[in-house]
Structure formats: C-alpha cells, structure tokens
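What follows is the residue order along each chain.
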Amino acid sequence: MPVINENGTPQESAAPQGHIYDMIIVGGGPGGYTAALYAARAGLDAVVLERMAAGGQMALTEQVDNYPGFDEGVDGFTLGEKMRRGAERFGVPTRMEEVTSLALAGPVKRVETGGGPLLGRTVVLSTGATPRKLELPGEEELAGQGVHYCAACDGMFYRGKTVAVVGGGNSAAADALLLSRVCAKVYLIHRRDSLRAERAYHAPLMAADNVEFCWNSVVAELIHGEGFQGLRLRDVNTGAERTVDCAGVFVSIGRKPASGLAEGQLALDRSGYITADESTRTEIPGVYAVGDVRTKALRQIVTAAADGAVVSGGEPEFEACERTAGSLREFAEKFAEGTV
Ligand SMILES: Cc1cc2nc3c(=O)[nH]c(=O)nc-3n(C[C@H](O)[C@H](O)[C@H](O)COP(=O)(O)OP(=O)(O)OC[C@H]3O[C@@H](n4cnc5c(N)ncnc54)[C@H](O)[C@@H]3O)c2cc1C
C-alpha cells in the first residue's frame, strides 16, 4: 500500500524492502524532530513515523511563549511544521503512518506500521504523553480557552486573575505554587483531605495567602456559556455543592504516557513512563526514549527537544552498529528474500 503524505500525495521516499535505517523515530513531536535533525546532521539515515500531524501535543496549542527564539511567541502548529521542514531540509522524511508494534531485541529492530514493516539499527521512541482529562461536558471546546493542562505553558495568560487548579499530587502542587506567584487568587481543588504531593510543597503552599484549599471536592461542572465562567464543585462526603468563580482552571490530575508499544520490552516506571535517564538510553542497546514518554521532571517542548539532541551523541552505540554492519547487510538480504 503506498504511503500518503499529509497533503494527499504519494510519498516518494518509501524505502525498499529490506532497507535498514540507521534510526527510526517513532513520533513527530519536538523530541522526535530534534532527534531527526541531529541524526541527519551526524550523517545517519533516519525516518520519522507520525500517525497524526507534525508537532505532537505542541500542535494543539495556539500560543507557545516559552520556547526560545520566538520573541512574539509562535503557534504550536506552525512550530511543528517548522520542525518537520527543518528535518526534511537535511534529508529526513516523515511518513504518516501509525506504528502498531515493535520488536526491539537484537541488532536489527523491526517496526510494524500500517504501511508495512521497517527495519532500523536504532529506534527512538518519542511518542509523548497526553494529559488526563476531567471528562466533563464542554471540556474539549474550552481547552485552551479557560481549561488548561499546563500551568508553565499557559499560566501567564491569567496574570492578576483568579484561577483554580485541580489535583493533589506533585504537579498540581507545583502548578498551584507557580500560579500563586502570577495570579491574584488560586483555588486548589482536591478530592481528598490532604495533598498527595511531597512534603516539600506543603509549607510554601500553606504559607501562600492567596491559595485557598477546597478539600474533599471534585469538579461537577465546567460552567460555561459565552466562554468559561467557573466551576461547580461537589463535596465527596456530603454531596453539598458550591460554585467557584474563576477565569481559568488548570487540570493537573496526571498524564498518560504513550508507552504501550514498549510494554513487555522496556522497563516502565510506576506511572507507565519509559525509564530512561538524561542519556535517553534504555536497557536495550540502540533503543532510546525521548521527551514526554520517558521518566523526567519537566515535560515541555524545550526539554523534549533537548532529549532529541542527546540521542545521536551516544557515539559508542553508533560505532557498535558500524562494527556489526556486515551482519546487518546479511540480515537485510535474508529479509528481502523473506527468509527471516
Ligand atoms: C494543550 C497543551 C499545551 C501545551 N503548551 C506548551 C507550551 O506552551 N510550552 C511548552 O513548552 N510545552 C507545552 N506543552 C507540552 C509540550 O507540548 C510537550 O511537552 C511536548 O510536545 C512533548 O514533546 P514529545 O516530542 O515528547 O511528544 P509529543 O509532542 O506528545 O509528540 C508525540 C508524537 O508521537 C505520535 N505518536 C504516538 N504514538 C504513535 C504511534 N504508535 N505511531 C506513530 N506516531 C505516534 C503522536 O501522534 C505525537 O505526534 C503543551 C501541551 C499541551 C497538551
């Protein structure tokens, strides 16, 4: 089946069967495209596989103000397209295909896609993560327009205003603290009677005189008409309801990493993120985890991009790949013959 580009034209660069890429990058967000750019500039033969649109989560946001180099900010979709074109300029194509499974062991990795299998000496997993939603009516339409999932990204839009944060873990606590420095007032809404967040967050939050805790409370409704207007909260013990007037709400109830492809092959942490450190290496040689999908403290465009830059700096792995190039060629021939 031919691979079709986003604009509906057939893709010219579908690799011949048995071709072994130096690097197959799964996911075309900022992590994946930075890995692609650095790989190409290191002389590696790479390809990006993306199932939806270049830019990943970033493409969903209208205004990115914290990625350096854009003095007036930039919309996330444009930035994603720029990243895709930047990788293409150095010869890395994007194939719009969903990866359905991976066989990561051994010197040649096999990547199954809707358009057929691909082989690579290395695989970069940059599949990202998605914020968990409240799953309430209106949430989708209000996303970015009153309902937000990242205080570091969108908090500045609410300077001097009243906002709410939903959640009780470390990210909710960190978001509430950050917003308390920018906003007039912050409601912290949590379904339990104490925070799950590490103790380090407790004292500064309790000390902030513009943070009001709404314990044992869940959001029952996103009040909206002509735009977002506030929240209706329900007490989980008594069922009593109250409304909270606020200009925006930051939902900080966790993220869901897109790490399903790695399950059973790579170690995942308690929350399902791939356990790779700053080197981005995983326990399987030649397999890297980049950006939001790996265990890390801060999930942002700039940190995903930083991960992508690190991958092809793992020189020993790429030299080791060179040394096994003979056996890889043999494997490729057998693959083309259909004997493996
Ligand atoms: C609404 C919103 C606003 C944000 N605003 C900002 C901001 O202003 N500033 C900031 O720094 N950060 C912001 N972030 C966070 C930032 O977008 C992420 O941290 C960053 O995009 C992570 O990059 P990534 O490359 O790791 O993954 P992602 O951007 O998530 O990209 C992963 C890509 O992998 C693809 N993929 C997944 N599985 C497969 C598969 N099986 N086959 C093929 N492709 C696959 C996905 O389609 C996706 O395109 C925002 C996030 C959201 C949700």
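Residues numbered from 1 in each chain as written. Predicted model: local features only at pLDDT ≥ 70, side-chain atom pairs only at ≥ 80, totals over all residues. Heavy atoms only, no water.

## Quick look at the confidence of the model for the chain
Inference 1: Looking at the chain as a whole, the pLDDT averages 90, with 87% of positions reaching at least 70.
Inference 2: In this model residues 1–5 is a low-confidence stretch, pLDDT under 50, and it forms 15 contacts with partners more than four residues away in sequence or in other chains.
Inference 3: The low-confidence segment residues 8–12 (pLDDT under 50) makes 11 contacts with residues lying over four places distant or belonging to another chain. (pLDDT = per-residue confidence, 0-100. Contact = heavy atoms within 4.5 Å.)

## Observations concerning the pattern of salt bridges
Inference 1: As enumerated under the stated definition, the model contains 16 salt bridges in all.
Inference 2: Where Glu88 meets Arg84, a salt bridge forms, and the shortest distance between an N and an O atom there is 2.8 Å. With Glu88 and Arg84 both in helix 2 (residues 76–89) and 4 residues apart, this pair spans about one turn of that helix.
Inference 3: For Lys185, the salt bridge goes to Glu212, with nearest N and O atoms at 2.6 Å. Remark: Glu212 occurs in strand 11 (residues 211–214) and Lys185 occurs in strand 10 (residues 185–189); sequence separation between them is 27 residues.
Inference 4: Since its relative accessible area comes to 25%, Lys185 is described here as partly exposed.
Inference 5: When salt bridges that share partners are traced, they join Glu81, Arg84, Arg85 and Glu88 into one network. (Salt bridge = Lys/Arg side-chain N within 4 Å of Asp/Glu carboxyl O. Helix = DSSP H or I, 4+ residues; strand = E, 2+ residues; numbered from the N terminus. Buried < 20%, exposed > 50% of the residue type's maximum accessible area, 1.4 Å probe, protein only.)

## Observations regarding the nonpolar core
Inference 1: Core analysis: the largest hydrophobic core is formed by 25 residues, its most contacted members being Met23, Ile25, Tyr67, Met83, Val92 and Val124.
Inference 2: Elements with a minimum of two residues in this core: strand 1 (20–26), helix 1 (30–41), strand 2 (46–50), helix 2 and helix 7 (301–311).
Inference 3: Sort the elements by how many residues they give to this core and helix 1 lands first, with 5 residues.
Inference 4: Here Ile25 is in contact with Gly32, Ala35, Ala36, Ala46, Val47, Val48, Leu49, Val124 and Ser126, once residues within four sequence places are set aside. (Core = buried A, V, L, I, M, F, W, Y, C linked by side-chain atoms within 4.5 Å.)

## Digging into the packing of helix 1 against helix 2
Inference 1: Running from N to C, helix 1 and helix 2 cross one another at 20°; their axes reach a closest spacing of 9 Å. Comparing the axis directions of helix 1 and helix 2 gives the class roughly parallel. Note on packing geometry: the crossing formed by helix 1 with helix 2 is left-handed. On the side of helix 1, the interface is formed by Pro30, Tyr33, Ala36 and Leu37, while helix 2 contributes Met83, Arg84, Gly86 and Ala87.
Inference 2: Residue classes in the contact of helix 1 with helix 2 are distributed as 6 nonpolar, 1 polar and 1 charged. (Axes fitted to C-alpha atoms, helices over the stretch in contact; angles between N-to-C directions. Parallel < 35°, antiparallel > 145°, perpendicular 65-115°, else oblique. Left-handed = near helix turned anticlockwise from the far one by under 90°. Nonpolar A, V, L, I, M, F, W, Y, C, P; charged D, E, K, R; others polar.)

## Considering the sheet that holds strand 14 (residues 241–245)
Inference 1: Pairing within the open sheet is antiparallel, and its 3 strands lie in the order 12-13-14. Looking at the sheet topology across the chains shown, the edges are occupied by strand 12 (217–225) and strand 14. Pairs of neighbouring strands in the sheet enclose a mean axial angle of 30°, with direction left out of account.
Inference 2: Pairing of strand 13 (residues 227–235) with strand 14 involves 5 bridges; the strand directions are antiparallel. Pairing of Arg232 across the sheet is with Thr243, part of strand 14. (Pairing = 2+ DSSP bridges.)

## Observations regarding unusual backbone geometry
Inference 1: One non-glycine residue, Asn216, lies in positive phi territory at about 50°.
Inference 2: Checked against the element boundaries, Asn216 lands in the loop between strand 11 and strand 12.
Inference 3: A residue is classified by how much of its surface remains accessible, and Asn216, at 18% relative accessible area, is buried.
Inference 4: Look at Thr280: it is not a glycine, yet its phi comes out positive at around 70°.
Inference 5: Tracing the chain through its elements places Thr280 in the loop between strand 16 (255–257) and strand 17 (287–289).

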